[in-house]
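The primary structure of each chain is shown beneath.
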Amino acid sequence: MTTTAEPAAVEQPASNARLGRWARPALGLLLPVGVALAWEIAVRSGWSNGRLVPPPSVIWNTFSDLAVTGDLQQHALATLWRVLWGFVFGVTAGTIVGAIAGYSGWTHRVVDPTLQALRSIPSIAWVPLFILWFGIFEASKIILIAVGVFFPVYLGVMGAVLSVDRKIVEVGRVFRLSGFAMVRRILLPAVMPGYVISLRAGLGLGWMFVVAAEFLGASTGLGFLLIDGQQLGKPAQIVAAIVAFAILGKLTDWLIVLVSSPFLRWEDRFARG
Amino acid sequence: MLVLDRVGKTYPNGVRALDGVSLEVAPGEILVVIGGSGCGKSTMLRAISGLDTPTQGRVVLDGAVITAPHEKIGIIFQEPRLLPWLRVADNVGFGLGQYPGAERRTRVARALDRVGLMEKARVWPRELSGGQAQRVAIARALVPRPQVLLLDEPFSALDAFTRADLQDHLLDLWADFKPTLVMVTHDVEEAIVMSDRIMVMRPRPGRVYEQIHCELSRPRDRQSAAFDFVKRRVLAALDRSLDRAVITDDGETKAAAGGGLWW
């Protein structure tokens, strides 16, 4: 009886997994598509004039027009470029400082209070200072984004290092690992789940800070499209830029999940997939 | 020969966990350490392993003073402590970094075969039961063929059936190359099943109280009169080590009734 029951038990999750691969993204689209559809119907039925909040069809047309002229790609690439560099610098600094602060109690005591105070400063408060220091061109924008990325990565890495299980470290010690070998074989894999979460949080803040950065007299970027749309009274362009932000933000977050997933297959999580 | 020479350990908060423990363990001997809570059993094991350094005395293995983890000394903890990011085979081969890949794979395969988990080589630790995980921990500790293997209550988290099974299995594995075993337990029956010698410790600070040689033939029958006799001897020694007495409902003072587990 057991032998007949087992294959069915194995097959069931496999077919569920195949179904889940398609059903899950579709479920995620249900809410935005539903809201968009409802708004389109509301405007077409005359319940709203759709002047300040254009319906999806108008936004789509604006999106297409911007894409046809190449403006959308140009602005999206400019924004992506800034986020990429800001992310690289922020992650590098956050990882190094976070790892040292987590590993060394002395450094933690010296550095952490100051960084915690700096962390609570709103992004926009840095803008005048960064313009004075780095000018209005790319440097100030990328540094502002890097600041946004730095703090969640710093906090995540420091917390992950601090919470590495002493008992696991002892296993490394029993096998006489020290220095680099201990970091590579024990500490790095142990902090990986926390690190990936901090990267995702850092990227999210990077996307928020890029808007503030592109408000600083940028002539390209999705943030510029927002300001341009506001000044010229083009709400469809504003919403199109916001949608572009959402799509790019989701895609880059998904990229981190995709790249990190082979390293986290071992996790014993409540929810899988 | 493993020698503890007046080993003592006082923690920074002033707690004296171990005081003047002197001991010699012959190669291939199985020494089981038993005693009440706070008698320094685990502290002693950590000092032997080199994970902690004693504040007095020294641990010597074959003439070398142990001050840090040593390649000739392996340890199995109360929990399996498998590295969750490594598959079972990689966990077993974790301490074999110095060997070429082919030899490492051969040794790992042999070790997994010996603990009956060959088919689990590619699974993650999270997919193992408690008993299986502890078998993997045993394989990991034994695969570098340590001269001394320390066991810190290795079966205490397991159910009685699995515990008895693993005790037999460990003895079987021990017979492969007969390392010195120093095992800490709270379980008197486990101590008698495993040991050549039982060392009873007394607490605050931890000291050696009494040593009982266990010369029953192997495999040991838990139901035999000889086994029961040794058990009563060990329980009596434990009672004395703890100055243990209880007040009955009638107001009488008498020695505590011996149980199977002590902590």
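A quick note: this is a predicted structure, and the numbers were derived from the prediction, not measured.

A.B. asks: Help me understand the sheet that holds strand 4 (residues 56-61) of chain B in this model?
C.D. replies: Working definition: the strands of a sheet are paired by backbone hydrogen bonds and lie parallel or antiparallel to each other. Residues and elements named next belong to chain B. Strand order in this open sheet of four strands is 2-1-4-5, and the pairing throughout is antiparallel. The open sheet has two edge strands, strand 2 (16-25) and strand 5 (64-65), and neither has a second partner. Alignment of strand 1 (residues 2-10) against strand 2, held across six bridges, turns out to be antiparallel. By the bridge assignment, Leu4 is partnered in strand 2 with Leu23.

A.B. asks: Even after reading the chapter, I still don't get the packing of helix 2 (residues 56-69) of chain A against helix 10 (residues 235-260) of chain A, so can you show me in this structure?
C.D. replies: Between two packed helices, both the angle of their axes relative to each other and the distance between the axes serve to describe the pair. Residues and elements named next belong to chain A. The geometry of helix 2 relative to helix 10 is characterised by a closest axis approach of 9 Å and an angle of 75 degrees between their N-to-C directions. In this view, helix 2 runs roughly perpendicular relative to helix 10, as classed from their interaxial angle. Along the contact surface, helix 2 presents Val58, Ile59, Thr62, Phe63 and Leu66, while helix 10 presents Ala236, Gln237, Val239, Ala240 and Val243. Its residues placed into classes, the contact of helix 2 with helix 10 shows eight nonpolar, two polar and no charged.

A.B. asks: Looking at this structure, I do not really get the sheet that holds strand 3 (residues 30-35) of chain B. What am I missing?
C.D. replies: Residues and elements named next belong to chain B. Overall, mixed pairing links the six strands, which are arranged 6-7-8-3-9-10 in an open sheet. A strand with exactly one partner marks an edge of an open sheet, and here the two such strands are strand 6 (73-76) and strand 10 (207-213). Adjacent strand axes in the sheet meet at a mean angle of 20 degrees when their direction is disregarded. Alignment of strand 6 against strand 7 (residues 148-152), held across four bridges, turns out to be parallel. Directly across from Ile73, in strand 7, lies its bridge partner Val148.

A.B. asks: Help me understand the nonpolar core, please; the structure alone is not making it clear to me.
C.D. replies: Proteins that are soluble and globular tend to have nonpolar side chains buried together. Counting residues in each nonpolar core, the largest one holds 123 residues, and the members touching the most others are Val33(B), Val182(B) and Val234(B). Considering every element that reaches this core, the biggest residue donor is helix 6 (residues 138-162) of chain A, with 16 residues. Residues in contact with Val182(B), not counting those within four places in the same chain, are Val25(B), Leu31(B), Val33(B), Leu45(B), Ile48(B), Val148(B) and Leu150(B).

Procedures and definitions
Residues numbered from 1 in each chain as written. Chains lettered and ligands numbered in written order. Predicted model: local features only at pLDDT ≥ 70, side-chain atom pairs only at ≥ 80, totals over all residues. Pairing = 2+ DSSP bridges. Helix = DSSP H or I, 4+ residues; strand = E, 2+ residues; numbered from the N terminus. Axes fitted to C-alpha atoms, helices over the stretch in contact; angles between N-to-C directions. Parallel < 35°, antiparallel > 145°, perpendicular 65-115°, else oblique. Contact = placed C-beta atoms within 7 Å. Nonpolar A, V, L, I, M, F, W, Y, C, P; charged D, E, K, R; others polar. Core = buried A, V, L, I, M, F, W, Y, C linked by C-beta atoms within 7 Å. Buried ≥ 20, exposed ≤ 12 C-beta atoms within 10 Å, placed from the backbone.

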